[in-house]
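# Coordinate inspection notes
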Amino acid sequence: MNYQKVYGITGPVSVAGPTAPENKLNDALIQELKKEGSFESEADTAKRVQILKTLQELAQKFVYQVSKNKNMSDGMAKDAGGKIFTFGSYKLGVHGPGSDIDTLVVVPKHVLREDFFTVFDTLLRERPELDEIAPVPDAFVPVIKIKFSGISIDLLCARLDVAQVPATLTLSDKNLLRNLDEKDLRALNGTRVTDEILELVPKTSVFRIALRAVKIWANRRGIYGNVFGFPGGVAWAMLVARICQLYPNACSAVILNRFFKIYSEWKWPQPVVLKPIEDGPLQVRVWNPKIYAQDRSHRMPVITPAYPSMCATHNISESTKKVILGEFDRGIKITNDIFSNKKNWSDLFDKHDFFHKHKFYLTVAVTTKGDDEQHLKWTGLVESKLRLLILKLEALPGINIAHPFPALFGTTYIYNDNKDVENIFENYGSHKTENKLQNLVKITDENREDESIKDKPTMYLTTMYIGLDVNVENKKEKVDIHVPCAEYFNLCRNFNEEFQDNDVFSLIIRYVKLHDLPNEVYDEDEARPIKKKRSKRTKDTEDDNGTKRPKSDAGSIESSSTTAIGQTAAA
């Protein structure tokens, strides 16, 4: 008898292979992925390989320098080693043009995290290939974000309790995790999880095509991004991997259809796991809702397979869960139609309608009068705390959904004086007033090197959007969003002493109606939503559903010279 290896914590749902029609649909899926630009050219792949080779050389030079600084002999300093590992989409084999590279620098025990943010930082800045750099030492997982030869790279660092890190080192041994602090464990987790995922799927080629499709779908539908409360790349990879385990011989097209079917019917918060959760040699928390109340609060838990197991989707809120489930329902309907030859794969990847579907929006605008490194740090902080604002908003009576859009919109202006700065503050982010900024010079890729603007003062702006579904039918009183906005504003402003400089860093929170969203959120060929014309009586007294409503009130949050505006939506 032929015995097939069982993947996952249960047996397969079906071991059937693909039929001829399913193979045809699979071929059509691959062609659509090519059309969507999912695959990278050979030249770009070779460029990534060269960049990683350079980073490996820098990692060894970094460890050597630190070792010499600690009076080691030349031979011992060279033997100390240092190694680069990759994880995320690049390691999974599903990266595409423009994808970043998640990278981990592993160092021996005498190299400290402080050395990473000083010595290694200096080595990077000396490289001519470096375009941008933003160290974030205070992040949950400390990181140096760089753009190197045009490619974005997140560099993490992990210090092992070993004297040497040879080129042959692998991270599969759980005993390597002994005597590490929490930040080192978190940094190592990405690489260990990626390695395990690839070992836990029956056919990596099927897994990769299905995951490429899911990544495009999730990005197009606006549900991709851990920091915003949606699954990130690793979580989507684990969700696809579990379906591959249940249908070990299926083609990628079938995996996609079953992906939507199973997760639209999944009994959340039942966790998605790829293997039994393991114990290990450390006194660290392993995900266990029977013991930890925080783990019981996870709404859509997807659990990492590498020890110590963690929840990769702990950021999902009640609002983002509703949005994700709505997209699963849409996905199963469309893929069923594809299998019935009523629709094509391109229909699955249709763009979201986020900037058409909500009546009210909250705009969170981050501004910096300084350099791009300062702005990246300030934006990174505000972005990382946005989920806390979502939780505060969705807890308000009368707000059904606080739906974050998981992408940022950036603009950079040249300004001459405080009058220009006030003009930007007052008029940016509103369709009614954005034409008042037409006289200001925007920095673009085309004019960035122009001598006429090179040394002029610049203002960087990055905007995030939250769509608000307000329960206008059941709630007659107003929904006051002033308090959560003020709390969020103060949290970001007071997080770090550096960001309390009002002359450099600003945070503006505004309430905007659908028809007043700025042009930047719409594609060039995309029509703006059209405001329905109503009679004067109806316009003054009724909402779109015919429900009477009071007029909106406005409030503001003041902090020295910087104003964050939290206007009140009427309900």
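Since we're looking at a predicted model, the values are computed, not measured.

Next up on the list: the overall build of the protein chain. Looking only at helices and strands, the protein chain features 18 helices and twelve strands. Against the globule reference of 25 Å for 571 residues, the protein chain gives a C-alpha radius of gyration of 25 Å, in line with a compact fold. Overall, the protein chain is about 80 × 65 × 50 Å in size when its C-alpha atoms are taken along their principal axes. Considering the protein chain as a whole, with its 571 residues, one finds that 52% of them fall into the buried category. Partitioning the intrachain contacts of the protein chain with sequence separation of at least 6 by distance along the chain shows that 72% fall at a separation of at least 24. Total accessible area on the protein chain stands at roughly 27,000 Å², and carbon and sulfur atoms take up 48% of it.

Our focus in this paragraph is the UniProt feature "binding site: Mg(2+) 1" (unreviewed entry) in the protein chain. Per the UniProt record, "binding site: Mg(2+) 1" (unreviewed entry) is annotated on Asp-100 and Asp-102. Here Asp-100 is to be found in the loop between helix H4 (88–92) and strand S2 (101–107). Classification of Asp-100 by relative accessible area gives partly exposed; the value is 29%. Summarising the element assignment, Asp-102 is placed in strand S2. Apart from residues no more than four positions distant in its own chain, Asp-102 is found in contact with Phe-85, Thr-86, Phe-87, Gly-88, Ser-89 and Asp-154.

The next point concerns helix H2 (residues 42–69). Each α-helix winds once per 3.6 residues, and so residues spaced three or four apart point in a common direction. Between the first and last C-alpha of H2 there are 41 Å, a value that for 28 residues agrees with the 40 Å anticipated at 1.5 Å per step. Looking one or two places after H2, you find Asn-71, whose phi comes out positive at around 65°.

The next thing to look at is the state of the cysteines. Tallied over the entire structure, the rule returns zero disulfides. For the unlinked cysteine Cys-244, the closest cysteine sulfur is that of Cys-251, found at 11 Å.

Scored by pLDDT, the protein chain comes out at a mean of 90, with 91% of its residues at no less than 70. This stretch, residues 538–571, has a pLDDT under 50; its non-local contacts, to residues over four places away or in other chains, come to 93 contacts.

Attention now moves to the packing of aromatic side chains. Applying the stated criterion across every chain yields a total of 32 aromatic pairs. The interplanar angle of 50° and the centroid separation of 5.2 Å between the aromatic rings of Phe-62 and Phe-120 together place this pair among those described as tilted. Placement of Phe-62 in helix H2 and of Phe-120 in helix H5 (residues 113–125) is noted, with a sequence separation of 58 residues between them. On the basis of relative accessible area, Phe-62 is assigned to the buried category, the value being 0%. Owing to a relative accessible area of 0%, Phe-120 belongs among the buried residues under this scheme. Centroid distance Phe-116 to Phe-120: 5.4 Å. Interplanar angle 15°. Geometry classified as stacked.

Residues Trp-268 and Pro-269 are joined by a peptide bond in cis, for which omega reads 10°. Turning to its location among the elements, Pro-269 is positioned in the loop between helix H9 (252–265) and helix H10 (293–296). Here the amide bond leading from Tyr-307 into Pro-308 is cis, since omega sits at -5°, within 30 degrees of zero. Tracing the chain through its elements places Pro-308 in the loop between H10 and helix H11 (318–339). Phi at Ser-149 is positive, roughly 55°, even though this residue is not glycine. Relative to the assigned elements, Ser-149 resides in the loop between strand S4 (143–148) and strand S5 (151–159). Classification of Ser-149 as partly exposed rests on a relative accessible area of 25%.

With that out of the way, let us pick up the sheet that holds S2. Pairing is mixed across the open sheet formed by five strands, whose spatial order is S1-S2-S5-S4-S3. Each of the sheet's edge strands pairs with one partner strand only, and the pair in question is strand S1 (83–87) and strand S3 (130–136). Neighbouring strand axes in the sheet, compared pairwise and without regard to direction, differ in orientation by 25° on average. Taken together, the seven bridges between S2 and S5 define a ladder with parallel strand orientation. Residue Val-105 lies in a different strand from S5, and its bridge partner there is Cys-157.

To continue, consider helix H8 (residues 233–246). Along its 14 residues, H8 runs 21 Å from first to last C-alpha, staying within 8% of the 20 Å computed at 1.5 Å per residue. For H8, a buried count of twelve out of 14 residues is recorded, marking the element as mostly surrounded by other parts of the structure. Residues Ala-235, Trp-236, Ala-237, Met-238, Leu-239, Val-240, Ala-241, Arg-242, Ile-243, Cys-244, Gln-245 and Leu-246 constitute the buried set of H8. In the core, the buried residues of H8 are packed alongside H4, helix H6 (182–199), helix H7 (204–220), H9 and H11.

Partitioning the protein chain into structural domains gives domain 1 (20–36 + 201–349), domain 2 (42–193) and domain 3 (355–516). Taking the mean C-alpha position of each, domain 1 and domain 2 sit 29 Å from one another. Taken together, the contacts link 18 residues of domain 1 with 15 residues of domain 2. The contact between domain 1 and domain 2 buries some 1,500 Å² in all, and 65% of this surface belongs to carbon and sulfur atoms. Summed over the three residues of domain 1 that lose the most area to domain 2, namely Arg-212, Pro-281 and Leu-282, the buried surface amounts to 30% of that side. Between Glu-278 and Lys-174 there is a salt bridge whose closest N-O contact spans 3.3 Å.

What counts and what doesn't
- Residues numbered from 1 in each chain as written.
- Predicted model: local features only at pLDDT ≥ 70, side-chain atom pairs only at ≥ 80, totals over all residues.
- Heavy atoms only, no water.
- Helix = DSSP H or I, 4+ residues; strand = E, 2+ residues; numbered from the N terminus.
- Rg over C-alpha atoms; globule rule 2.2 N^0.38 Å.
- Buried < 20%, exposed > 50% of the residue type's maximum accessible area, 1.4 Å probe, protein only.
- Contact = heavy atoms within 4.5 Å.
- Areas by Shrake-Rupley, 256 points an atom, 1.4 Å probe, with all protein chains shown as cover.
- UniProt positions renumbered as here; feature names shortened; annotations may be inferred.
- Expected span 1.5 Å × (residues − 1).
- Disulfide = S-S within 2.5 Å.
- pLDDT = per-residue confidence, 0-100.
- Phe/Tyr/Trp six-rings, centres within 6.5 Å; stacked < 30°, edge-to-face > 60°.
- Pairing = 2+ DSSP bridges.
- Axes fitted to C-alpha atoms, helices over the stretch in contact; angles between N-to-C directions.
- Domains from an automatic or database assignment.
- Buried area = accessible area lost by both parts, 1.4 Å probe.
- Salt bridge = Lys/Arg side-chain N within 4 Å of Asp/Glu carboxyl O.

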